[in-house]
Amino acid sequence: MADLTRLTAAELSQKLQAREISSVDVTRAHLDRIAAVDGDIHAFLHVSSAALATAADVDTRRGDGEKLGPLAGVPIAIKDVLCTFDMPSTAGSKILEGWVPPYDATVVRKLREAHLVPLGKTNMDEFAMGSSTEHSAFGPTHNPWDLDRIPGGSGGGSAAAVAAYEAPLALGSDTGGSIRQPAAVTGSVGVKPTYGGVSRYGAIALASSLDQVGPVTRTVLDAALLHDVIGGYDPRDSTSLKDPWPSFADAARTGARDRSLKGVRVGVVKQLNGDGFQVGVRDRFAESLEVLAAAGAEIVEVSAPNFEYAIAAYYLILPAEASSNLAKFDSVRFGLRVNPKGGGTVEDVMAATREAGFGPEVKRRIILGTYALSAGYYDAYYGSAQKVRTLIQRDFDAAFERADVLISPAAPTTAFKLGEKLEDPLAMYLNDVTTIPANLAGIPGMGLPMGLAPEDGLPTGIQLMAPARADVRLYSVGAALEALLEDRWGHTLISQAPELAVAR
Amino acid sequence: MSEITNDQVSHLANLARIALTPEEIDKLTGELGVIIDSIAKVSEVATADVPATSHPIRLVNVFRPDVPGPTLTAKQALAGAPEHDGSRFKVSAILGEEQ
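Residues numbered from 1 in each chain as written. Chains lettered and ligands numbered in written order. Predicted model: local features only at pLDDT ≥ 70, side-chain atom pairs only at ≥ 80, totals over all residues. Heavy atoms only, no water.

**Student:** How would you summarise the overall build of chain A if you had to cite specific residues and measurements?
**Tutor:** The helix and strand inventory of chain A stands at 16 helices and 11 strands. Over its C-alpha atoms chain A spans a radius of gyration of 21 Å, differing by no more than 12% from the 23 Å that the globule rule assigns to 504 residues. Looking at chain A as a whole, 67% of its 504 residues are labelled buried. When contacts within chain A are restricted to residue pairs at least 6 apart in sequence, long-range pairs at least 24 apart make up 77% of them. Of the roughly 16100 Å² of accessible surface on chain A, 51% is carried by carbon and sulfur atoms. Each charge class in chain A can be summarised by its mean position, and for the 47 positive and 60 negative side chains these summaries are 3 Å apart. (Helix = DSSP H or I, 4+ residues; strand = E, 2+ residues; numbered from the N terminus. Rg over C-alpha atoms; globule rule 2.2 N^0.38 Å. Buried < 20%, exposed > 50% of the residue type's maximum accessible area, 1.4 Å probe, protein only. Contact = heavy atoms within 4.5 Å. Areas by Shrake-Rupley, 256 points an atom, 1.4 Å probe, with all protein chains shown as cover. Lys, Arg positive; Asp, Glu negative; His and termini not counted. Charge placed at Lys NZ, Arg CZ, Asp CG, Glu CD.)

Here it is in structure tokens:
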């Protein structure tokens, strides 16, 4: 049998529905792959012991003639920020080590109801704070393209899992680029939906006005298929949108089939390119623009002058919201408890627990957020950042008057070396320059491969952005661009990744 | 240059209930100074005529009918607690001796 781990979720779906393969076959192949390569990659914090039983159950249902969804029987990896009642959910933090939530996140419940097979939980920067997965309390994930390099973050585990063929699908969460930036540096695809398009219930909150859960995959169609499963209104999330959503899979299929962008206005954001971007990233981006233009797209340059202030606003809003969200880790109801020497009051216990349970980046952001929210500083910092948010939304509104989708590189560089930016928080924060504006404005964005940088042979990613609620445009344009680029290369980008050493 | 001092970081750590070590306070004082200098630029464009945005998508408050729905059982709610007595979370004293 062909190696089932190399197939896309769409291909697996087809073979499962045709009963050419069973879910047990597919699931076993991926568990074997995890056993073979995850010692080097460290994409997973936990591998499910129930996966084969779940797969067998799906096979039985299919055998009994039950009507199943398109992704039934397809395995999936789940970012550890999402609550799962049958697996530990740590968000990459010591303070939650071993914690098994009493409930599922809504997106996880939806996966189970659609009969996908959870494989395990993926590594991440602690509480999703980071761009490299190096802030995980359980050690970093390694980029499958070069094990000495970062897989991006915070969702480096999910991106590395799909890029290393350990899972065809994964879930991520994106607060400032944690789905799109890892996609860029691992040659995979990731989508941050419109804010409110996917439920956040049971997603351990980082910054509630920015967080959004989304798909992590190797192809645009697979992302669309997964988005179709997890999207939609959830009464348990008060920010959930009631909009009806079209089939994203249909949009992706049409986009890939027609390969035409006739009449599509593509806006190039002037501020998200140029100085500070790696040469190979700029070259590949220019090449993608040629491909889009050749397919009939009308390329226009748009200016977003306030994007210059996006990172500054983000690093005020995020720590402010995070410092209050993380107050719940207080040693009382769940998670770690550390009793200080000689005992103490409940507040002493809290302080000792949080000192022992949080890593350096989490402490840094909590203290920064506490400062930004302090009386006397609130207006100057948090208040001003919220105003910048308005200005960035206005920039987007103006840009979308002239363009149907906006594009930029998805990350300014290819994957950097592990350890390279760990001691310089500000340098680490700049990795999200391209992705943060979409979170501040709540609009959807997709990261997908746009080729290898000639100077280092590592993947580069392109970012597509659409107006709020117009996620479908990402899938039609993204699938067309993906198909056109692959036609030009004669192969998929991920097929160029080096073969990993396999443990026996 | 922002004026972040060790005392200030120590006070913030107390507010945030994190028992930072003196070494951590030293390190954070330097790092926060650099970060705050860099992000203070938001005030350059945040003029009085610009309204603040708290949420990216316009929202209204959400209500549901006031009827009980499914909830966690006490056993489920206590399952992850560091310490409990079967029906309640257990914590150490709320007040210290001098309080």
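That was the structure; now back to the text.
**Student:** Could you give an account of the packing of helix H2 (residues 23-41) of chain A against helix H3 (residues 51-63) of chain A, with specific residues and numbers?
**Tutor:** Residue and element names in this part refer to chain A. Relative to each other, H2 and H3 sit at 160°, their axes nearing to 8 Å. Classified by the interaxial angle, the pair formed by H2 and H3 is roughly antiparallel. Considering the relative orientation of H2 and H3, their crossing is right-handed. Residue-level contacts link Ser23, Val24, Thr27, Arg28 and Leu31 of H2 to Ala51, Leu52, Ala55, Ala56, Val58 and Asp59 of H3. Residues belonging to the contact of H2 with H3 are distributed by class as follows: 7 nonpolar, 2 polar and 2 charged. (Axes fitted to C-alpha atoms, helices over the stretch in contact; angles between N-to-C directions. Parallel < 35°, antiparallel > 145°, perpendicular 65-115°, else oblique. Left-handed = near helix turned anticlockwise from the far one by under 90°. Nonpolar A, V, L, I, M, F, W, Y, C, P; charged D, E, K, R; others polar.)

**Student:** Break down the interface of chain B and chain A for me, citing the residues and quoting the values.
**Tutor:** Taken together, the contact between chain B and chain A spans 58 residues of the former and 65 residues of the latter. Note on chain B versus chain A: buried area summed over both sides is about 5000 Å², and carbon and sulfur give 68% of it. Interface area lost by chain B to chain A is led by Arg17(B), Pro56(B) and Ile57(B), which between them contribute 13%. At the junction of chain B and chain A, the tally comes to 6 salt bridges. The residue Lys41(B) makes a salt bridge to Glu308(A) at a minimum N-O spacing of 3.6 Å. Put simply, the parts of the chain that give the side of chain B that touches chain A at least two residues each are helix H1 (6-15), helix H2 (22-39) and helix H3 (74-78) of chain B. (Buried area = accessible area lost by both parts, 1.4 Å probe. Salt bridge = Lys/Arg side-chain N within 4 Å of Asp/Glu carboxyl O.)

**Student:** Explain the packing of helix H7 (residues 220-230) of chain A against helix H16 (residues 471-489) of chain A residue by residue, including any values.
**Tutor:** Residue and element names in this part refer to chain A. Here H7 crosses H16 at 155°, and the two axes come no closer than 9 Å. In terms of axis orientation, H7 runs roughly antiparallel to H16. The handedness of the crossing between H7 and H16 is left-handed. Between H7 and H16, the contacting residues are Val220, Leu221, Ala223, Ala224 and His227 on the first element and Asp471, Tyr475, Gly478, Ala479 and Glu482 on the second. A breakdown of the residues in the contact of H7 with H16 according to their chemical character gives 6 nonpolar, 2 polar and 2 charged.

**Student:** Just give me the short version of the pattern of salt bridges, but keep the residues and values in it.
**Tutor:** By the definition in use, this model includes 31 salt bridges over all chains. With its nearest N and O atoms 3.0 Å apart, the salt bridge here joins Glu66(A) to Arg61(A). Accessibility expressed as a relative area gives 26% for Arg61(A), which makes it partly exposed. Its salt-bridge partner being Lys90(B), residue Glu83(B) comes within 3.9 Å of it at the nearest N-O pair. Here Glu83(B) falls in the partly exposed class, since its relative accessible area comes to 36%. Residue Lys90(B) is classed as partly exposed on the basis of its relative accessible area, which comes to 40%. Taken together, the salt bridges that share partners define one network made up of Glu361(A), Arg364(A), Arg365(A), Glu423(A), Lys27(B) and Glu31(B).

**Student:** Report on a nonpolar patch on the surface, specifying residues and quantitative values.
**Tutor:** Residue and element names in this part refer to chain B. A cluster of nonpolar side chains, namely Val91, Ile94 and Leu95, defines an oily patch on the protein surface of about 290 Å² accessible area. Tracing the sequence through the fold places Leu95 in the segment after H3. For Leu95, a relative accessible area of 55% puts it in the exposed group. (Patch = residues over 30% accessible without salt bridge, like charges linked within 9 Å, V, L, I, M, F, W, Y side chains within 5 Å.)

**Student:** Before we move on, could you go through the sheet that holds strand S11 (residues 459-465) of chain A and cite the residues and values that matter?
**Tutor:** Neighbouring strands of a sheet are bound in pairs by backbone hydrogen bonds; such pairs are parallel or else antiparallel. All names here are of chain A. Read across the open sheet, the 11 strands follow the order S1-S3-S2-S4-S6-S5-S10-S11-S9-S7-S8; overall the sheet is mixed. Edge positions in the sheet fall to strand S1 (44-47) and strand S8 (298-302), since each has one partner strand and no second. On average, each strand axis in the sheet is tilted by 30° relative to the strand beside it, whichever way the strands run. Across 4 bridges, the pairing between strand S9 (residues 405-409) and S11 is antiparallel. Its bridge partner being in S11, Ser408 is matched across the sheet by Gln463. (Pairing = 2+ DSSP bridges.)

Without other data, these values stay purely geometric and don't point to any function.
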